[in-house]
Every structure is written in structure tokens, then in C-alpha cells.
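Commentary on secondary and tertiary structure
What follows is the residue order along each chain.
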Amino acid sequence: MFLILDMMFLCMPAILAFLFTLALSDFRCPLLEKRTSCTCREVAWWNNDRLTIVNCSYADLQTMPNLSSLSNENVTKLLLNGNNISAVSWTDVGPRNITELDLSKNRLENQNIGALSHLAPGMTKLSLARNRIAIDQDLMFLTNLSALTELILDSNIIHNYQNEIQFFPNDIFRDLRLHSLRRLSLRSCGITDIGPRAFAGLESITEIDLTYNYLENVPPAILHLKHLQRLFLGGNDITTIEARSFYTLRNLEEIVLDYNELSEIEENAFVGLEDCLKELELHANDLKQIPTTALKRLRKLLFLKISKNDIRMIDNAFQGDYQLNMLDLDSNPLTFSKSTFQGLEHSIETLFLRNVGISAVPLVALSRLQVLSYLDISHNHFHSKIFDTNLSTLSVKTLVMSNNSLEHISPTAFSRLRHPIGLDLDNNNISDITFIVEAPLCSFRYVDISGNPLECNCDVEEILHSGTIFDMGLTGSCRLGKTVYELGSSKLEDQLHDFCNRSQRIVWCPGTFESNRAAQSNPGLTLTNGWIFFVYVLLNKN
């Protein structure tokens, strides 16, 4: 994650140029717009690439619209979702070179769909989600879509089923010649079992989504997908990950198994993935412990999400060949000790401990994490409404403590910090922020005080104008009488000037901490730094 952030920071000027050079130009379809509720527009990007879009979404169409007036136009996207269209014929004359076709949320059935390769032979993305298509029947209308890279068949039906078994059959894609297909989505199709050759003909796909079905095990059919990189099996009825469930998938980087009924992961469950698996998500299952033996050989594993299980004690469980840098343990009834994070001392950078029932910061366990940068301990139940835990033994650069019912923060918590910290305190019950004024100079990169009953007083004025909080400063709102002001607004500034002396500006924070009352001067932060930190906060905020 932090590698991604670094890349984003380096590319920030290009990103900003991209965002601000988006423009709309003149592509219109007056005949179509006159007869229907469709609209036409062209989007011109910063690099002069153009997307031409015909949008007939939710236009109350009963049949395919007459697109003959656009037969000589190159249309990038044709959006027909959310109508009552029941048939698509290859004789429907349409624009040339459609690359994306959305027919989701209509009333289409197999027999009423003509060969889509005639309508849009160069199509790369096709959505047929939420129709009446029997995905276990003839899908020949998909034949020869040789450029298709993404196919979405979510929320369609299995036609033939007995005794509540909805079987996805063998060879259903075999003769369709979908040689370019890379992503297949079959979410919410009611599938209970999958034939071992169900994905024959799709050997080149890199992502398959089988979320929200009724599968009771990892389907062996995936073992033929040797190029698979991402596998989504969330929201099924899987109780056990058996040995060798993925052993042929030497390119698999991400597995999502959230919202299953997992209670056991066998020791050799991930055999074959030792040098490829990077992300494993096991949120909302029935696991009682970290699956140590199953994970220990996953040398490339970087992110483990094992939140909302029933893990109570972690004792020397992270002994493996991996170098985890992100760990999510949210919503487990945890008890912490010195050995909780043993094995992760020099790798964990991001740690989520939301709603784990802690009554104080578990310093004994966290102090051992030498490179921990981001810590989220929101939604816990601190016994004391006064937060005075000294954080000097932690390496964190961002600390999130929202929704912890805190009423007062002691400045002693931030004495002798290793480096400045970003602090998120939103949705507590904090009415004063004297701790910022009394803490050592430049202790904070930002402080978010949103959702607290903060009073607008001279401490607020000093913090806003002295520059002691650098980067994004102080964010949130405060109350003056019956009026609520956004921190940093000109109206608040005018009000504070009436009864507070304007504080001296500190525009540069030195490398060593000094008294907050000391006056410093130096060139201020650049706009680029401000944007960098803004993106950082957005990506890390829950």
C-alpha cells in the first residue's frame, strides 16, 4: 500500500494535470435525443484521447433504440442498462466500433439475444448482469467476441436444478472463442456447485468473481486457470480450505474469502502459492486462531485481513517466511501480550485494531513494531475518558482514535515523540484542544477533530494561525454560541480576531521539538506537499 502511495506522490503533478484537463466537446445525436431519453456526449482527455458515449440508461425503453442515425459514428460506450429491453437482434443497426456495451438490468433471455459479435465485433467489455439469462444454457450469442476482455453475468439464473442443487455445467464456454477474456464475473447467480471443466475455453482469464453464491468448497474447476491472478469467493458457504485447493495457480496474487463460514484452513491449503500470493482476505468467518501453519510458507504475502472472526489470543502466531506489511485484526475480542506480534517486528507498517475491545493502547505489544507507521484503534472502549498514554515508544506517523468516547487529551501523551504524528480524533466528545498548544512544537502533521463539541476559543485561533500543525493543519468545526464554523473559514477568522490577539506565524517546523510558544520562520509548505498529504489521508481514512 505504501509503495502505491509513494508512486502516487511522485506522479502527483501528472495526476493533477489529468484531473484538471478533462473537457466535454460537441458530440450530439439530435434524432435519437428527440425520440428517446438518450443523451450523447464526448469526453476529451488531457492526452487527446476521446470517449464518445451514448447513454440510454433508465430511459424506459421497451426495445432496442433505433441507432441508425449513428451508423457512421465511432461510439466508445453504449449504455442501455435499467430498461425493459427483452430482445437484441444482430440486425439492430448501430454505431461502429462500440468497445463497451452495458445491457444490465433488462429482461433479456437467452433465446432473444442475437449474435452480439455482429452488433459490436470490437467490444472489450460487456455487462449482462441482472437479466433473465440462464447461464447454464446455450450462450452462443457470445460467440466470436474475440476482443472481449471483461464479461459480467452477475445475478442471472441457473435454469436446470434439482433438490436445490444449482449446478454450473462443464464446457459452457468451450466453443465461444473468447480468447481475449481476462475477467469473468458470476456474482449472485445462486450457484451451489461447479463442474470440473466449467471454465474450459477461458484458460487466459486473470480474474474470476464468484462472490455471493452457495459454494461449499473452493471449486476444483479453477485449477485449470493457470493465469489466474485474482480470485473472489466471498459470501459463500465454505467451511474448510482443503489441502492443495490452489496448487496449480502459480500466478495467483489475491484471494478474497470474506463472509464465509470458515472454521478450518488445512496446513497445505496454500501449497503452490508460496511465491505468488500477496493478499489474503478472511474477514467475517469463524476462525478461532491465526492459521499459522497454512500461512508460514507464503513468502510473498504482504496483506492479511482476518477481521471479524473469533480470535481471542495471538501467541507467537506470525512465525513464517512472509514479510507482512499490512494486518487487519478488526472486530476480534483480542487480548494482547509481548508475543502478539512476534515475527512482525520489522515488517508491519499498517495495523487495524478497530473494535477489538481494548480499554487502553496496548503498548506492550505495539512497542515492538519498529516500522509501524499507521495505527487505527477506533471504535474501542477506553475506560478512562482522559487519554494520557505516552506514545513515545511507538513509531507511528498516523494514529486514528475516532469513536472512542474520549473527552480530554493530555499533552503528556505526545512528549518525546520519535517524529511528528497525524492524529484523527473524529466523533469523540472533546470540547477543548489545549493539548495541541501545550505539546512540543510541531508534534502534529494534522489533527482531525470533526464531530466533536469543540468550542471556538483563542487556543483554536493560535493553532490555526501559528502554523504549529503543518501539512493539512487542523480540520473539523467548532461552535461559538449557537453558530458552528468550519475550522479555517474566513468567517471564523473574523470572529476570533474580535477577542483574540493574532498569533505569530510559524511557517517551518525544525527537526527537534521546542516550546510551542517559540517563534520560527522559514519558507512554508509547498502546494504539492499539501496535495500529497491530502491523498494520503483519503486513502487511509476508514
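What you see is a predicted model; the values in this text were computed from it and never measured.

This part is about the environment of Ile241. Within the secondary structure, Ile241 sits in strand β14 (residues 240-241). What Ile241 contacts, discounting residues up to four positions off in sequence, is Val218, Phe246, Leu257, Leu262, Glu264, Ile265, Glu266 and Ala269.

Right, let's talk about the packing of aromatic side chains for a bit. Using the criterion set out here, one finds 9 aromatic pairs in the structure. For the ring pair Phe246 and Phe270, a centre distance of 5.9 Å and an interplane angle of 10 degrees mean the geometry is stacked. Placement of Phe246 in the loop between β14 and β15 (254-256) and of Phe270 in the loop between β16 (264-265) and β17 (279-281) is noted, with a sequence separation of 24 residues between them. An identical accessibility class is assigned to Phe246 and Phe270; each is buried. Through pairs of rings, three or more aromatic residues link up here, namely Phe168, Phe173 and Phe199. The ring centre of Tyr247 lies 4.2 Å from the NZ or CZ of Arg244, which sits over that ring.

Here the focus is the pattern of salt bridges. Side-chain pairs of opposite charge can arise whenever the charged atoms involved come near each other. Tallying each qualifying case throughout the model produces 15 salt bridges. Linking Arg187 and Asp209 is a salt bridge whose minimum nitrogen-to-oxygen distance equals 3.2 Å. Of the two residues, Arg187 is situated in the loop between β10 (183-185) and β11 (193-194) and Asp209 in strand β12 (residues 207-209); the sequence distance between them amounts to 22 residues. Under the relative-accessibility criterion, Arg187 is labelled partly exposed at 28%. Two residues, Asp310 and Arg312, come together in a salt bridge whose shortest N-O distance is 3.3 Å. Assessed through its relative accessible area of 22%, Asp310 is described here as partly exposed.

What follows covers helix α8 (residues 458-466). When we look at burial in α8, the residues that qualify are Val460, Glu461, Glu462, Ile463, His465 and Ser466. Note on α8: the residue one or two positions beyond its end, Gly467, has a positive phi of about 80 degrees.

Strand order in the open sheet made by the 3 strands is β8-β9-β11, with mixed pairing throughout. The open sheet has two free edges, formed respectively by β8 (161-162) and β11, since each of these has just one partner strand. Two elements, β8 and strand β9 (residues 165-168), share 2 bridges in a ladder whose sense is antiparallel. Following the sheet pairing, Gln162 is matched in β9 by Ile165.

We now examine the state of the cysteines. A complete count under the given rule lists 4 disulfides for this structure. What pairs with Cys29 in a disulfide is Cys40, and their sulfur atoms sit 1.8 Å apart. As the torsion about the S-S bond is roughly 100 degrees, the Cys29-Cys40 disulfide counts as right-handed. One end of the pair, Cys29, is in the loop between β1 (23-25) and α3 (30-35); the other, Cys40, is in strand β2 (residues 39-44), and 11 residues separate them in sequence. With respect to burial, Cys29 and Cys40 carry one shared label: buried. There is a disulfide in this structure between Cys456 and Cys478, and the S-S distance comes to 2.0 Å. Its S-S torsion of approximately 100 degrees makes the covalent link between Cys456 and Cys478 right-handed. Of the two residues, Cys456 is situated in the loop between β26 (444-448) and α8 and Cys478 in strand β28 (residues 477-480); the sequence distance between them amounts to 22 residues. Across this residue pair, the class does not change: Cys456 and Cys478 are buried.

Procedures and definitions
Residues numbered from 1 in each chain as written. Predicted model: local features only at pLDDT ≥ 70, side-chain atom pairs only at ≥ 80, totals over all residues. Heavy atoms only, no water. Helix = DSSP H or I, 4+ residues; strand = E, 2+ residues; numbered from the N terminus. Contact = heavy atoms within 4.5 Å. Phe/Tyr/Trp six-rings, centres within 6.5 Å; stacked < 30°, edge-to-face > 60°. Buried < 20%, exposed > 50% of the residue type's maximum accessible area, 1.4 Å probe, protein only. Lys NZ or Arg CZ within 6 Å of the ring centre and 35° of its normal. Salt bridge = Lys/Arg side-chain N within 4 Å of Asp/Glu carboxyl O. Pairing = 2+ DSSP bridges. Disulfide = S-S within 2.5 Å.

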